[in-house]
Amino acid sequence: MSGMDLVVIEPLKPPHCAECRQGPLSLHVLESSAPVCLDCADLAHLVYLPRGNAALTRRAREASSLCAVVIRFNRRRGRHERQGLLVEEAALARAEASCLADADARTRRRERDALRRAAEDERFAEALLGEILRLFPRCPPERAREIAAHTSVRGSGRVGRTAAARSLEGGAVTAAVRASVRHLDTEYDALLMAGVSRRAARSLVAAAIDAVLASWRA
């Protein structure tokens, strides 16, 4: 709160208004250390906006010619804490409309970004497919396409999404193909399920993987 803020108190023990005796008051202001209701303080026409939405709060405050900060004392922390704002109803309506427009814009931007990423991923998968078939010309085309699609999924963390693979560096592409062969053409997964350590399982299936890759290179 700044020194220019109007302050409204949400009391722990609701008092009565020092002027009109209305009460108990859920909200009041202090004038000369005495509680005054919002009607007497000429703030009753304002509407309450709870804290929690920073953008809505900022816009409502900017749009409202009169506003007040609502505070409540936190006994555990020993301090007053902001609970929300009192703002003009029309200002809140304008702020809500502006935030909704921004939300729609963000949704449309996310949709455009998703389409762009999908197109990029498709181009990358096609390029990866071409490199797989260049390095392994005897690899069945459908299998090569499955490897390219599987390893190029965005955010998967697979070898096909590494920087080296994105640049179609041969070692990374070969590693992606090798990973596919390890899981689909050997007993590697069964060995892991049987309790064999990853290092030992890889060693046991290495020769089988090399044989498949050699046949695809021929």
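Quantities reported herein were computed from a predicted structural model and do not represent experimental measurements. (Residues numbered from 1 in each chain as written. Predicted model: local features only at pLDDT ≥ 70, side-chain atom pairs only at ≥ 80, totals over all residues. Heavy atoms only, no water.)

Draft legend 1. Up close: the overall build of the protein. Along the backbone of the protein there are 7 helices and 6 strands. Helices and strands appear in the protein in the N-to-C order β-β-β-β-α-β-β-α-α-α-α-α-α. Taken over C-alpha atoms, the radius of gyration comes to 33 Å for the protein, far larger than the 17 Å a tight globule of 218 residues would show. The principal-axis extent of the C-alpha atoms belonging to the protein is close to 95 × 40 × 25 Å. For the protein, the separation between the mean place of its 35 positive charges and that of its 27 negative charges on side chains is 7 Å. (Helix = DSSP H or I, 4+ residues; strand = E, 2+ residues; numbered from the N terminus. Rg over C-alpha atoms; globule rule 2.2 N^0.38 Å. Lys, Arg positive; Asp, Glu negative; His and termini not counted. Charge placed at Lys NZ, Arg CZ, Asp CG, Glu CD.)

Draft legend 2. Local environment of the sheet that holds strand E6 (residues 79-87). With mixed pairing, the 4 strands of this open sheet are ordered in space as E1-E5-E6-E4. The sheet is open, and its two borders are formed by strand E1 (7-9) and strand E4 (47-50), each paired with just one other strand. Looking at each pair of strands side by side, their axes are set apart by 40° on average, direction ignored. Where E1 meets strand E5 (residues 68-74), 3 bridges bridge the pair, whose relative direction is parallel. Across the sheet, the residue bridging to Val-8 is Val-70, located in E5. (Pairing = 2+ DSSP bridges. Axes fitted to C-alpha atoms, helices over the stretch in contact; angles between N-to-C directions.)

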